[in-house]
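What follows is each chain in one-letter form.
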Amino acid sequence: MRKFGGVTSFLRAPGQGLWRDGSATERDNIAVVEVMTERLATEFWRALRKRLEAELRQEEIIIRAQQIVQL
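Computed from a prediction, not measured in an experiment: that's the story for all the values here.

Participant: What is the right way to look at a nonpolar patch on the surface in this model?
Facilitator: A cluster of nonpolar side chains, M1, V7 and V33, forms an exposed patch at the surface whose accessible area comes to about 320 Å². With respect to the secondary-structure elements, M1 resides in the segment before β1 (8-21). Residue classification places M1 among the exposed residues on the basis of a relative accessible area of 69%.

See below:
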């Protein structure tokens, strides 16, 4: 929040992913956090992803960016 001036988190009802791994069904919960900024700080997000993967013991964390066109 300090770096970008605000953040929105969608944590009350985390999404749930299910997929097959051989004969077992794998399950994962997801949380969505949204930050809006005028400039994409690529290195900041790359470092944050790596740190979170280590801290949360996750194989992979997805951080995605999308451009917004205000209409």
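Participant: Any chance you could explain the layout of surface pockets here in plain terms?
Facilitator: Its boundaries defined by the atoms lining it, the largest pocket holds a volume of some 1700 Å³. Taken together, 40 residues form the lining of the largest pocket, with V32, V33, I62, I63 and R64 sitting closest to its centre. Among the elements of the structure, β1, β2 (24-34) and α1 (42-55) are those that each provide at least two residues to the lining of the largest pocket. A per-class count over the lining of the largest pocket returns 23 nonpolar, 7 polar and 10 charged.

The rules we used
- Residues numbered from 1 in each chain as written.
- Predicted model: local features only at pLDDT ≥ 70, side-chain atom pairs only at ≥ 80, totals over all residues.
- Heavy atoms only, no water.
- Patch = residues over 30% accessible without salt bridge, like charges linked within 9 Å, V, L, I, M, F, W, Y side chains within 5 Å.
- Areas by Shrake-Rupley, 256 points an atom, 1.4 Å probe, with all protein chains shown as cover.
- Salt bridge = Lys/Arg side-chain N within 4 Å of Asp/Glu carboxyl O.
- Helix = DSSP H or I, 4+ residues; strand = E, 2+ residues; numbered from the N terminus.
- Buried < 20%, exposed > 50% of the residue type's maximum accessible area, 1.4 Å probe, protein only.
- 1 Å grid on protein atoms, 1.4 Å probe; cavity = no way out; pocket = protein on both sides within 12 Å on 5 of 7 lines; lining within 4 Å.
- Points joined across faces, edges and corners; volume = space filled by probe spheres on them.
- Nonpolar A, V, L, I, M, F, W, Y, C, P; charged D, E, K, R; others polar.

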